Amino acid sequence: MYTPEIFVGGRELRSWSNDESFESRIQQLNSETPLADVRIDSHPSSPGHIAFDAAFTAQRAFPTMRSRTSPCMKTSSSVR
């Protein structure tokens, strides 16, 4: 038997199958200030392939992380 685990905002949401509980948690998270800006762009790269570019920028320093000089990490990948 497969019992899926659903995580929302980094926390397990055991009552995910309850529409009211799930919707409430999503609304709560949407009302909070995001911790990072995430940008994902896609474009065709070759026949049958799509390239993705992603950029992540933290909005504030986190207590457990040391400050880094680079404000942005950029990655690219190709998916079939």
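See the structure printed just above.
A brief structural summary. (Residues numbered from 1 in each chain as written. Predicted model: local features only at pLDDT ≥ 70, side-chain atom pairs only at ≥ 80, totals over all residues. Heavy atoms only, no water.)

**Quick look at the overall build of the protein chain**
Secondary structure assignment for the protein chain yields one helix and five strands. Moving toward the C terminus, one meets the helices and strands of the protein chain in the order β-β-α-β-β-β. For the protein chain, the residues scored as buried account for 8% of the 80 residues in total. By sequence separation, contacts in the protein chain at least 24 residues apart represent 23% of the contacts at least 6 residues apart. As displayed, the protein chain offers around 7300 Å² of accessible surface, 53% of which is attributable to carbon and sulfur atoms. (Helix = DSSP H or I, 4+ residues; strand = E, 2+ residues; numbered from the N terminus. Buried < 20%, exposed > 50% of the residue type's maximum accessible area, 1.4 Å probe, protein only. Contact = heavy atoms within 4.5 Å. Areas by Shrake-Rupley, 256 points an atom, 1.4 Å probe, with all protein chains shown as cover.)

**A look at the environment of Ser15**
Mapped onto the fold, Ser15 is located in the loop between β2 (11–12) and α1 (19–31). Distance from Ser15 to Glu5, taken between C-alpha atoms, is 10.0 Å for residues ten residues apart in sequence.

**Overview of the pairing of strand β4 (residues 49–58)**
Bridging between strand β3 (residues 36–46) and β4 involves ten bridges; their strand directions are antiparallel. Within β4, the position partnered with Val38 by the bridge is Phe56. Taking the residues that link successive antiparallel strands as the turn, the β3-β4 hairpin has two residues, and the phi of Gly48 there is positive, at about 80°. (Pairing = 2+ DSSP bridges.)

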